Amino acid sequence: MICIDVEPDGFFIDRDKRLPWRGFEEGYEFFKAFRPRAVARTGSPARFTWFLRMDPQIGETYGSPEWPTRQYAHHLSCLIEQGDELGLHVHPYRWDRDHKRWIADNGNQEWINYCVHSSFETFRDTLKKDCYSYRHGDHWMNNETFTLLERLGVRFDLTLEPGHQEMPSAHREEHSTGML
(Lines give C-alpha, C1' and ligand atoms only; values in the text may rest on other atoms or scores of the structure.)
Protein backbone atom coordinates (compact mmCIF):
# COMPACT_ATOMS: atom_id res chain seq x y z
CA MET A 1 0.00 0.00 0.00
CA ILE A 2 1.31 3.39 -0.95
CA CYS A 3 0.00 6.42 0.96
CA ILE A 4 0.83 9.90 -0.30
CA ASP A 5 0.19 12.97 1.83
CA VAL A 6 -0.89 15.94 -0.33
CA GLU A 7 0.23 18.99 1.60
CA PRO A 8 2.42 22.10 1.56
CA ASP A 9 6.14 21.53 1.26
CA GLY A 10 6.78 22.99 4.74
CA PHE A 11 5.08 22.58 8.08
CA PHE A 12 5.44 26.14 9.41
CA ILE A 13 4.13 27.76 6.27
CA ASP A 14 4.04 31.51 5.77
CA ARG A 15 0.42 32.62 6.12
CA ASP A 16 1.04 35.38 3.56
CA LYS A 17 2.42 33.20 0.77
CA ARG A 18 0.25 30.80 -1.19
CA LEU A 19 3.10 28.71 -2.51
CA PRO A 20 2.35 25.79 -4.83
CA TRP A 21 2.81 22.31 -3.42
CA ARG A 22 5.86 21.26 -5.45
CA GLY A 23 6.22 18.01 -3.52
CA PHE A 24 2.75 16.94 -4.62
CA GLU A 25 3.31 18.17 -8.17
CA GLU A 26 6.54 16.16 -8.47
CA GLY A 27 5.02 13.16 -6.67
CA TYR A 28 2.09 13.20 -9.06
CA GLU A 29 4.45 13.06 -12.05
CA PHE A 30 6.53 10.32 -10.42
CA PHE A 31 3.54 8.07 -9.75
CA LYS A 32 2.09 8.84 -13.18
CA ALA A 33 5.26 7.36 -14.69
CA PHE A 34 5.53 4.60 -12.07
CA ARG A 35 1.96 3.32 -12.46
CA PRO A 36 2.39 1.61 -15.89
CA ARG A 37 5.64 -0.01 -14.72
CA ALA A 38 3.90 -1.35 -11.61
CA VAL A 39 1.03 -2.71 -13.73
CA ALA A 40 3.47 -4.36 -16.15
CA ARG A 41 5.47 -5.97 -13.32
CA THR A 42 2.49 -7.21 -11.32
CA GLY A 43 -0.15 -7.82 -13.95
CA SER A 44 -2.62 -6.05 -11.65
CA PRO A 45 -3.99 -2.53 -11.49
CA ALA A 46 -1.83 -0.09 -9.51
CA ARG A 47 -3.83 2.18 -7.28
CA PHE A 48 -2.57 4.67 -4.74
CA THR A 49 -4.10 6.53 -1.81
CA TRP A 50 -3.72 10.31 -1.73
CA PHE A 51 -4.44 12.09 1.57
CA LEU A 52 -5.41 15.75 1.15
CA ARG A 53 -4.76 18.52 3.63
CA MET A 54 -8.01 20.50 3.95
CA ASP A 55 -7.66 21.66 7.56
CA PRO A 56 -7.75 25.13 9.16
CA GLN A 57 -4.06 25.83 8.48
CA ILE A 58 -4.72 25.36 4.76
CA GLY A 59 -7.83 27.54 4.99
CA GLU A 60 -6.00 30.36 6.78
CA THR A 61 -3.00 30.30 4.46
CA TYR A 62 -4.64 29.63 1.10
CA GLY A 63 -7.91 31.46 1.62
CA SER A 64 -10.01 28.29 1.77
CA PRO A 65 -9.48 24.73 3.00
CA GLU A 66 -10.68 23.51 -0.41
CA TRP A 67 -7.73 25.20 -2.14
CA PRO A 68 -5.98 21.94 -3.11
CA THR A 69 -9.09 20.67 -4.88
CA ARG A 70 -9.30 23.86 -6.95
CA GLN A 71 -5.56 24.28 -7.54
CA TYR A 72 -5.06 20.62 -8.46
CA ALA A 73 -8.49 19.80 -9.91
CA HIS A 74 -7.01 18.27 -13.06
CA HIS A 75 -4.52 16.15 -11.09
CA LEU A 76 -7.20 14.86 -8.73
CA SER A 77 -9.59 14.12 -11.59
CA CYS A 78 -6.90 12.01 -13.27
CA LEU A 79 -6.18 10.15 -10.03
CA ILE A 80 -9.85 9.36 -9.50
CA GLU A 81 -10.11 8.22 -13.11
CA GLN A 82 -7.25 5.78 -12.46
CA GLY A 83 -9.16 4.31 -9.49
CA ASP A 84 -7.05 5.95 -6.79
CA GLU A 85 -8.51 6.69 -3.37
CA LEU A 86 -8.68 10.21 -1.97
CA GLY A 87 -8.69 10.61 1.79
CA LEU A 88 -7.88 13.23 4.40
CA HIS A 89 -4.61 14.12 6.10
CA VAL A 90 -5.27 16.50 9.00
CA HIS A 91 -2.72 18.46 11.02
CA PRO A 92 -4.07 20.35 14.06
CA TYR A 93 -1.93 23.44 13.46
CA ARG A 94 -3.35 26.50 15.20
CA TRP A 95 -2.09 30.04 14.68
CA ASP A 96 -0.74 31.56 17.89
CA ARG A 97 -1.53 35.27 17.42
CA ASP A 98 0.55 36.37 20.41
CA HIS A 99 3.75 34.72 19.18
CA LYS A 100 2.92 34.83 15.45
CA ARG A 101 3.64 31.17 14.82
CA TRP A 102 1.95 27.85 14.20
CA ILE A 103 1.47 25.42 17.06
CA ALA A 104 0.84 21.71 16.59
CA ASP A 105 -2.00 21.67 19.09
CA ASN A 106 -2.17 17.92 19.78
CA GLY A 107 -2.95 18.55 23.46
CA ASN A 108 -6.20 20.39 22.69
CA GLN A 109 -8.92 17.82 21.94
CA GLU A 110 -11.54 20.48 21.24
CA TRP A 111 -9.27 21.97 18.53
CA ILE A 112 -8.48 18.53 17.11
CA ASN A 113 -12.20 17.75 16.89
CA TYR A 114 -12.79 21.04 15.08
CA CYS A 115 -9.94 20.36 12.63
CA VAL A 116 -11.24 16.86 11.88
CA HIS A 117 -14.91 17.89 11.56
CA SER A 118 -14.21 20.91 9.37
CA SER A 119 -11.90 18.89 7.12
CA PHE A 120 -14.56 16.21 6.65
CA GLU A 121 -17.18 18.85 5.82
CA THR A 122 -14.86 20.47 3.27
CA PHE A 123 -14.02 17.09 1.71
CA ARG A 124 -17.71 16.15 1.40
CA ASP A 125 -18.82 19.57 0.12
CA THR A 126 -15.98 19.89 -2.37
CA LEU A 127 -15.60 16.35 -3.69
CA LYS A 128 -19.29 15.42 -3.35
CA LYS A 129 -18.48 12.15 -1.58
CA ASP A 130 -17.75 10.84 1.88
CA CYS A 131 -14.22 10.32 3.14
CA TYR A 132 -13.36 6.72 4.05
CA SER A 133 -9.56 6.91 4.39
CA TYR A 134 -7.64 9.00 6.89
CA ARG A 135 -4.12 9.81 8.13
CA HIS A 136 -3.59 12.21 11.02
CA GLY A 137 -0.49 14.39 10.88
CA ASP A 138 2.79 13.37 12.50
CA HIS A 139 1.57 9.82 13.27
CA TRP A 140 -0.52 11.19 16.16
CA MET A 141 -3.67 9.43 17.35
CA ASN A 142 -5.69 8.99 20.52
CA ASN A 143 -8.83 7.03 21.45
CA GLU A 144 -11.18 10.01 21.34
CA THR A 145 -10.07 10.99 17.83
CA PHE A 146 -10.25 7.39 16.64
CA THR A 147 -13.83 7.15 17.96
CA LEU A 148 -14.68 10.42 16.18
CA LEU A 149 -13.28 9.03 12.93
CA GLU A 150 -15.42 5.91 13.30
CA ARG A 151 -18.52 8.08 13.82
CA LEU A 152 -17.61 10.05 10.68
CA GLY A 153 -17.53 6.82 8.65
CA VAL A 154 -13.79 6.26 8.25
CA ARG A 155 -13.08 2.69 7.21
CA PHE A 156 -9.29 2.93 6.98
CA ASP A 157 -7.11 4.87 9.41
CA LEU A 158 -3.52 4.71 8.20
CA THR A 159 -2.08 7.12 10.76
CA LEU A 160 0.03 4.86 12.94
CA GLU A 161 3.24 3.46 11.55
CA PRO A 162 5.63 1.16 13.40
CA GLY A 163 8.86 2.40 14.89
CA HIS A 164 7.82 5.82 16.19
CA GLN A 165 8.54 6.69 19.81
CA GLU A 166 6.53 9.07 22.00
CA MET A 167 7.87 12.61 21.72
CA PRO A 168 6.54 16.17 22.07
CA SER A 169 6.90 17.05 18.39
CA ALA A 170 7.97 15.60 15.05
CA HIS A 171 10.09 18.67 14.35
CA ARG A 172 12.70 20.13 16.66
CA GLU A 173 11.76 23.75 15.86
CA GLU A 174 8.01 23.13 16.19
CA HIS A 175 5.93 24.54 19.01
CA SER A 176 3.39 22.01 20.21
CA THR A 177 1.06 20.84 22.93
CA GLY A 178 0.52 17.22 23.91
CA MET A 179 2.69 14.28 22.87
CA LEU A 180 3.00 12.31 19.67
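Values in this document were obtained by computation on a predicted structure and should not be read as measured data.

Where do I start with the packing of aromatic side chains in this structure?
Two aromatic rings are characterised by how far apart their centres lie and by the angle between their planes. Under the criterion given, the structure shown has 17 aromatic pairs. When the centroid spacing of 5.7 Å and the interplanar angle of 85° are considered together, the rings of Trp21 and Tyr62 count as edge-to-face. With Trp21 in the loop between β1 (3–6) and α1 (22–42) and Tyr62 in helix α2 (residues 56–62), this residue pair connects regions lying 41 residues apart in the sequence. Take Tyr62: its relative accessible area is 3%, and that puts it in the buried class. Here Phe31 and Phe48 contribute two aromatic rings whose centre-to-centre distance is 4.9 Å and whose plane-to-plane angle is 55°, an arrangement assigned as tilted. Here Phe31, found in helix α1, pairs with Phe48, found in the loop between α1 and β2 (49–52); they are 17 residues apart in sequence, far enough to count as distant. Residues Phe31 and Phe48 agree in their burial class; the two are buried. These aromatic residues form a ring-pair network of at least three members: Trp21, Phe24, Tyr28, Phe30, Phe31, Phe34, Phe48, Trp50, Tyr62, Trp67 and Tyr72. One Lys or Arg, Arg15, reaches over the ring of Trp95 and ends 4.3 Å from the middle of that ring. A cation sits over an aromatic face here: Arg155 above Tyr132, 4.0 Å from the ring centre.

Mind showing me how you'd approach the pattern of salt bridges here?
When charged atoms on two side chains of opposite charge get close, those side chains can pair. All chains considered together, the criterion is met by nine salt bridges. Asp5 is the salt-bridge partner of Arg135, the closest N and O atoms lying 2.9 Å from each other. Note that Arg135 is positioned in strand β6 (residues 133–136) and Asp5 in strand β1, a separation of 130 residues in sequence. A relative accessible area of 24% means that Asp5 is categorised as partly exposed. One salt bridge in this structure joins Asp130 and Arg124, with 3.2 Å as the shortest N-O distance. Given the relative accessible area of 34%, Arg124 is considered partly exposed. Salt bridges here are not isolated pairs; linked through shared partners, they connect Glu7, Arg53 and Asp55.

Would you mind going over the sheet that holds β2 with me for this structure?
Strand pairing in a sheet relies on backbone hydrogen bonds. The paired strands run either parallel or antiparallel. Strand order in the open sheet formed by five strands is β1-β2-β3-β6-β7, with parallel pairing between adjacent strands. Two strands close off the open sheet at either side, each with one partner strand: β1 and β7 (156–157). In this structure, β2 lies alongside strand β3 (residues 85–90), joined through four bridges in parallel fashion. Bridge pairing in β3 links Trp50 to Leu86. Each of β2, β3 and β6 touches helix α5 (residues 109–127); the most contacted strand, β3, lies at about 150° to it.

Mind showing me how you'd approach helix α6 (residues 143–151) here?
Within the span of α6, buried status applies to Thr145, Leu148 and Leu149. Looking straight down α6, one finds that the buried residues subtend no more than 100° of arc, so they occupy a single side. Among the exposed residues of α6, those pointing more than 90 degrees away from its buried face are Asn143 and Arg151. You can read the cap of α6 off the contacts: a side-chain oxygen lies 3.4 Å from the backbone nitrogen of Glu144, and it is on Asn142. Looking one or two residues past α6, Gly153 carries a phi angle of roughly 95°, positive in sign.

Quick question: what am I supposed to make of the packing of α5 against α6 here?
Angle between the axes and distance between the axes: these two values describe a pair of packed helices. Running from N to C, α5 and α6 point in directions that differ by 25°, and their axes come no closer than 11 Å. Accordingly, the angle class assigned to the pair α5 and α6 is roughly parallel. Of the two elements, α5 crosses α6, and the hand of that crossing is right-handed. Contacts from Gln109, Ile112, Asn113, Val116, His117 and Phe120 of α5 reach α6 at Glu144, Thr145, Leu148 and Leu149. Among the residues making up the contact of α5 with α6, the classes are represented as five nonpolar, four polar and one charged.

Calculation criteria
Residues numbered from 1 in each chain as written. Predicted model: local features only at pLDDT ≥ 70, side-chain atom pairs only at ≥ 80, totals over all residues. Heavy atoms only, no water. Phe/Tyr/Trp six-rings, centres within 6.5 Å; stacked < 30°, edge-to-face > 60°. Helix = DSSP H or I, 4+ residues; strand = E, 2+ residues; numbered from the N terminus. Buried < 20%, exposed > 50% of the residue type's maximum accessible area, 1.4 Å probe, protein only. Lys NZ or Arg CZ within 6 Å of the ring centre and 35° of its normal. Salt bridge = Lys/Arg side-chain N within 4 Å of Asp/Glu carboxyl O. Pairing = 2+ DSSP bridges. Contact = heavy atoms within 4.5 Å. Axes fitted to C-alpha atoms, helices over the stretch in contact; angles between N-to-C directions. Arc of directions from axis to C-beta. Polar contact = N/O pair within 3.5 Å; in protein donor to acceptor, adjacent residues only side chain to side chain. Parallel < 35°, antiparallel > 145°, perpendicular 65-115°, else oblique. Left-handed = near helix turned anticlockwise from the far one by under 90°. Nonpolar A, V, L, I, M, F, W, Y, C, P; charged D, E, K, R; others polar.

Purely geometric stuff here, so don't read any function into it on its own.
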